[in-house]
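Examination of the molecular architecture
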Amino acid sequence: MDKFKTLEPLKLYSPPASASPIRKATVAPQFVGKLPSDLHLLILSYLPVPDFPAYARCSHTTAALAESEKLWETRWKSLKMDNKGLGAVLNDLEEHSKERAAESRAAAPPTITVDDEFGDFASVDVPPDEMGDFVGAFQNPTTPMSASLWTNNFKSASTFRGQYIRVHNLLKPLTKTLLSPAHIILNDLAAAVTPSLRSEASTLRLLFLFLSQSIQPVRKWREYRTALRSAMDRFDANLLAAFDNADERGDENGMREAAESSWLVWDGADSDWEMGKVWAEKRGIFYDQPWDPLANFTKDRQLAFDAMDDFMTIVLNAISEHGSRAVRVFPAEAGVLISFSERVASDVVGEYISTVLTRAREISLDIFLKATAASFREAWKIVDTIMAAGGASTSRTKAEDVVFRMFEPNMDEYLDEETEVVKPTFETICKGWDQQASERHNNLGDVSARFLTSHNPSQVKRNVLASFTSVLLLPVTIVPRTVGAVGGALVSGGTAVGGAAAQGIAMLNPQRWGGAGGGGWGISNVPEGYQKQRGQGNEMMFEIGEDEDDEDEQKEKEEEKEKTEVFDEKHGGLGLAPPPSAVPLSAGTLHTASTSLDQMDQMDTLLSLDVALELIHSSRESLKRLETFAAYPDRIGDRVRDTIEEVFILMLQALGDGHVKRGFSRATARMTSYKPAEHEETTSVAPLLQFFELVHIGDTIQSMVQVYFDKEMAPHIDKTDFLNSVVREKKRFENSLDDSVAGGLNAGTEVLMNQVEHIILKLTKPREYYPPENAALDLKPSKGCIEAIKCLEMHCKLLKGSTSKEVLEVFHQEVGIRLIAILQKHIKRQIISLTGGFQVIADLNTYHAFITSLKVPSITADFAHLKMLGHVYVVEDAKDLAQIVRDVTRYGGAYRPEDIYEFIQRRSDWKKIEKTVDKTMYNLSFKEDCIVC
C-alpha cells in the first residue's frame, strides 16, 4: 500500500502572482512490490480478461496498471477492426441488442414507482449478467456495484480500453450458444445480425478473432473457438454451394458476395483457399488439351514453333478470360488470378514444354539449347496476359514469378549444357581454320586482297568495325517459326534466312574484298568494295574508300608534300634525289613482294577475321539465348549471369590462346628462319610484310572484341570492376596480343635489318667510295642506300595504324639503333677516298633524312652525329683532321676520339697521314719516342 503524505496548508487569501503551480500527474512507481512495473505489464499481456479484477484488487497501483492503455491497445488491435471493415458488425450488433432490450422491457410486467432517496440509481437498463465475469470481477465482493455505474465510469470511445469494453459487451453474449451443434450456432448468429451472407461472415470472423490467444475474453475460449471453427467450416461449405449455383447462372454479383464471405471466414491455415482452388479446377483448360508438343519438330528434325504459337494462343485466351473474371469476382488479396495462372503454367504449359525439351535433347544438344530459350520466350507471354487481366491491382513481380517457378526445373540442366556446347564449338572453329590454312598454303594462286593494298588501312578498319557494329545490332530470332531459321538466324526483309548470321558476319573479312585502289595482289576482276548476294538483288554492305573527312590523313599528305619541297630546295642544286620518305607508298610496291610467296609461307593466313567473327557469332548466339533468362531472380539469376560471363571468357580464351597467340607464334618462328641471301627481292622482306598484315588483322580482331564487349557484355557487368573475371580475361587477351605483336616485331626487326644489311652489301660496288681519279662527281645517294631506305620506309609505313603509338615508336627506335650499327660496320669495311667521302656524306644525309621522318628524337640525334662523322673523309689536311678527331664536343659525346680514329683508318691516304695525325693527336712520333725504332 502506498504511504500517505501530510497535506500542506492552503493559503486562503494569497495574491494571484504567488499562486501555487499546476500539479503534475502522479508518476507510477517504478517498482510494484519487489517486481518492476514493466514485468507486471508483461504478465498482464498474457493474463485472461476474467483474471484482471482479481489482480486489480491488490492495490491502487495494480488497479492503475490493469487500466494501462498499452495492454488494451494490444487486445483491440488483435481484433483487426480496420482491416476488413468489421466495425459495421459492431454497430449492427448494438442496434439488435437495443431492440431486444426494448422488447424485453415492453414484455415485462408493470412496476410501482417508489420514491426513495436513491432515485433512478436503483434501476438498471442492462441485466447484471450482461457484463459477466469482466464487470463483476471489478466490483468489491462486500460492496456490490451496478453494471451501469461501472460502465459509465470506464466506458469511453476515446480510449482503447473503452473500445474493447464495447466489443466485449456485444460479443460475449454470442458465446452462450457456441457449445451447441453447428447449425444451431449459425441460426443464432444469423438472428443476431442483419440477414445477409456478408454480415454473417463478418460476425463469424469477428467472433473468431475475439476468441483468440491474444485476447482470452473468457476462461473456456479454447472450447468456444473449436466449436466456432466447425460452424465456420459448415458456413463455408454453404457458401461454396451458393457460389457454384451463381457460377452456373453467370451471376457475378452472387459469386462476388459468396467469395467475399468465404474469404472472411477462411483462417488461412490451409495452403490454398478452398473456394479459389475449386473454381480453378473446374476450368476446361485443364481437361481439353487438343495439342501435340511434337508438332514443333519438322521432318528433318529441326525446330518450327508454329505449333507452340497456336498452343500459347489457347493458353493466353484462357488466362485472359478466366483471369479477368477472377479479378471481378474474388477479393484482390486472395490472389486467385496468380494462383490460377500458376496452375495453368505448371500443369499445362510446363508439361508441354517438358515434352518439347525431352524430344529436343534426343535430337541434339544444339536443338535442345535453342528449344529451351524459345520455349521460355513463348512462355513469357503469360506475364503480359496476367498484367492485362489483373490491371493495376496485380504486381508484375508476382506475374513474372509464375513463369520463373514453372521454368525453373529446366534451368540447371540448360545452363550446364550451354557452357558444355560452346567449348567444343570454339575448338572446332579454331581447328577448322588451321586445316584450311594448311590447304590454302598448297594453293598459292589463291591470293586475296589485303589491308596493305588499300591506300588507307585505318579507314578500312573503321569501315570493318562500323559494319561489324551494324551486324551486332541486327535482331536475333530466338523463336524459330520456319524451316532453317533456328535460334540465331537473322531476319532480313521479313524473311528468315538460315545461316545468315554466320555468312553476314564472315563476309566482313577483308580478305574477301576487292582492293580499294584496284591494284592489289593480282586481283583485277573484283569490283571496288564487297557486294553480297542475297536473293535476286545485290546489297552493298560497305565500300572501302578514302575518307574525305579524315583530317589525320590529310595532314600526313601535306607533311609529306612539304618534306619533298624542302628537300628540293636544300639539295636541288646538288642534284640529289629526294629521299624515299617523300615518295608515297603504292600497291604496286607491295605487289613485288608477292613474287616471293612461292618461297615463303603466307603468314597472314595464320590469323583470320573469319575465325574471330565465327567465334564472336557463336558466343553472341549463346549470349542472346542466355539474355532471355537475364531477369531470373535469386540463385538461378546468379547462375545465368555467371554463365554469360563464362561464355564470353571461353570465347576470349579460344580466340586468344587457340588462334591469335598460336598464329603469331608460328609467324615469329617462320620469320626467324628467313635468310635474305636466298631471295632475289631486295626492296621488301616477304615474311615481314605478311607479319604486318598479321598485325593489322590482330588489331582489327582486338577492336572487334572491344566493340562486342561494349555492345553486348557491358550491360551485364561493371566495366570499372577490375576484379571482375570478364574484365580480367579481356585484359589478359589484350596483353597476350600485345606480347605476341612485340615478340613478332622483335623477330621482324631482326629480319628487316638483316635484309637491309644484305641490300647494302649486295648493291654497294667495290669502289663505291673509292672512285677513279677521272670519274665524274655525282652527289646522289648510292644505289644500296636508296634501296635500303626504300625497304625500311615501306615496312615502317605498313606498320603505321596497326599498332599503338608507343609500340610504333619502339619499333622505329629499334630500327634506328640497329641501322646505326649496320652503317658503322659498313663504313669500317670500305676504303674511302677524298672524292668518295662526298658519296659517304650523301648517303649519311639520306639516312638522316629518313630517320628524321620517323619523328623519334633520340635516334634523330644519333644520326645527326653520324652524319657529322662523314666529314672526316673530306678533310685533306692531316693536322686539321687530327683536330677534328680530338674535338669530342663536335659529336655530342656520342663518339670518343678512339672511335673516330678507327673510322679515319678507312681513308685511302691513311698511310700517308697516319704519322701526322698520331703526332698531332698524341704528341707522339715513332722515330723520336719509340726505343725500338
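As the structure is a computational prediction, the values presented were derived from the model and not from experiment. (Residues numbered from 1 in each chain as written. Predicted model: local features only at pLDDT ≥ 70, side-chain atom pairs only at ≥ 80, totals over all residues. Heavy atoms only, no water.)

1. Re the overall build of the protein
Helix and strand content of the protein: 34 helices and six strands. By the burial criterion, 48% of the 933 residues in the protein qualify as buried. Of the contacts formed within the protein by residues at least 6 apart in sequence, a portion of 76% connects residues at least 24 apart. Of the roughly 47,300 Å² of accessible surface on the protein, a fraction of 52% belongs to carbon and sulfur atoms. (Helix = DSSP H or I, 4+ residues; strand = E, 2+ residues; numbered from the N terminus. Buried < 20%, exposed > 50% of the residue type's maximum accessible area, 1.4 Å probe, protein only. Contact = heavy atoms within 4.5 Å. Areas by Shrake-Rupley, 256 points an atom, 1.4 Å probe, with all protein chains shown as cover.)

2. Some remarks on the confidence of the model for the protein
Overall, the predicted model of the protein reaches an average pLDDT of 76, with 72% of residues at or above 70. pLDDT under 50 marks residues 17–25. Its contacts with residues more than four places away, or in other chains, come to zero contacts. Note that pLDDT drops below 50 for residues 483–551; the model gives that stretch 139 contacts with residues more than four away or on any other chain. (pLDDT = per-residue confidence, 0-100.)

3. Here's the deal with the nonpolar core
Formed by 229 residues in total, the largest nonpolar core has its most connected members in Phe330, Phe691, Ile701 and Val917. Residue contacts for Phe330: discarding those within four places in its chain leaves Phe243, Ala259, Trp273, Met275, Gly276, Trp279 and Val336. (Core = buried A, V, L, I, M, F, W, Y, C linked by side-chain atoms within 4.5 Å.)

4. Some thoughts on the pattern of salt bridges
Overall, the coordinates contain 43 salt bridges when judged by the stated rule. A salt bridge links Glu94 to Arg166; the nearest nitrogen and oxygen atoms lie 2.8 Å apart. Note that Glu94 is positioned in helix H5 (residues 87–107) and Arg166 in helix H8 (residues 160–171), a separation of 72 residues in sequence. The partner of Glu400 in a salt bridge is Arg396, and the shortest N-O contact between them spans 3.3 Å. Remark: Arg396 and Glu400 occur in helix H18 (residues 396–442); sequence separation between them is four residues, near one turn of the helix. Residue Glu400 is classed as buried on the basis of its relative accessible area of 19%. (Salt bridge = Lys/Arg side-chain N within 4 Å of Asp/Glu carboxyl O.)

5. Considerations on the packing of aromatic side chains
Inspection of every chain in the model, using the stated rule, returns 25 aromatic pairs. Ring plane angle 45 degrees and centroid distance 5.0 Å describe the contact between Phe52 and Trp72, whose orientation is recorded as tilted. Separated by 20 residues along the polypeptide, Phe52 in helix H2 (residues 52–56) and Trp72 in helix H4 (residues 69–78) bring together distant segments of the chain. The same class applies to Phe52 as to Trp72, namely buried. Each member of the aromatic cluster is reached from another via a ring pair, and the members are Phe243, Trp263, Trp266, Trp273, Trp279, Phe286, Phe330 and Phe340. Above the ring of Phe368, the side-chain terminus of Arg361 is found at 5.3 Å from the ring centroid. (Phe/Tyr/Trp six-rings, centres within 6.5 Å; stacked < 30°, edge-to-face > 60°. Lys NZ or Arg CZ within 6 Å of the ring centre and 35° of its normal.)

6. Quick look at the state of the cysteines
Within this structure, the stated rule accounts for zero disulfides. Of all cysteine sulfurs in the structure, the one in Cys796 sits closest to Cys791, which takes part in no disulfide; the separation is 9.1 Å. With relative accessibility at 0%, the residue Cys791 sits in the buried group. (Disulfide = S-S within 2.5 Å.)

7. Some words on helix H33 (residues 910–922)
Along its length, H33 shows its largest kink, about 25 degrees, at Thr916. When we look at burial in H33, the residues that qualify are Trp910, Ile913, Val917, Asp918, Thr920 and Met921. The positive-phi residue at the C-terminal boundary of H33 is Asn923, with phi of around 55 degrees. (Bend = angle between axes of the 7 residues up to and from the residue.)

8. Overview of the environment of Ile367
Examined against the element boundaries, Ile367 turns out to sit in helix H16 (residues 365–379). On the accessibility criterion, Ile367 (4% relative accessible area) is buried. Along the sequence, Ile367 and Arg301 sit 66 residues apart, while their C-alpha atoms lie 8.9 Å from each other. Among residues more than four places away in sequence, those in contact with Ile367 are Phe297, Arg301, Gln302, Leu303 and Ala360.

9. Some thoughts on the packing of helix H10 (residues 197–210) against helix H12 (residues 252–265)
It is the contact of H10 with H12, at a shortest axis distance of 8 Å, that shows an interaxial angle of 5 degrees. Relative to H12, the element H10 is oriented roughly parallel. Only Glu257, Glu260, Ser261, Leu264 and Val265 of H12 make contact with H10, whose side of the interface consists of Leu197, Arg198, Ala201, Ser202, Leu204 and Arg205. Considered class by class, the residues forming the contact of H10 with H12 number five nonpolar, two polar and four charged. (Axes fitted to C-alpha atoms, helices over the stretch in contact; angles between N-to-C directions. Parallel < 35°, antiparallel > 145°, perpendicular 65-115°, else oblique. Nonpolar A, V, L, I, M, F, W, Y, C, P; charged D, E, K, R; others polar.)

10. Some details on a nonpolar patch on the surface
Together, Leu35, Leu39, Leu42, Ile43 and Tyr46 make up an exposed nonpolar region whose accessible area comes to about 480 Å². Structurally, the position occupied by Ile43 is in helix H1 (residues 37–45). The class for Ile43 is partly exposed, based on a relative accessible area of 46%. (Patch = residues over 30% accessible without salt bridge, like charges linked within 9 Å, V, L, I, M, F, W, Y side chains within 5 Å.)

11. Some remarks on H1
Within the sequence span of H1, burial applies to Ser37, His40, Leu41 and Leu44. Taken down its axis, H1 places every buried residue within 100 degrees of arc, on the same side. Looking at the buried positions of H1, the neighbouring elements they touch are strand E1 (31–32), strand E2 (35–36), H2, helix H3 (60–66) and H4. (Arc of directions from axis to C-beta.)

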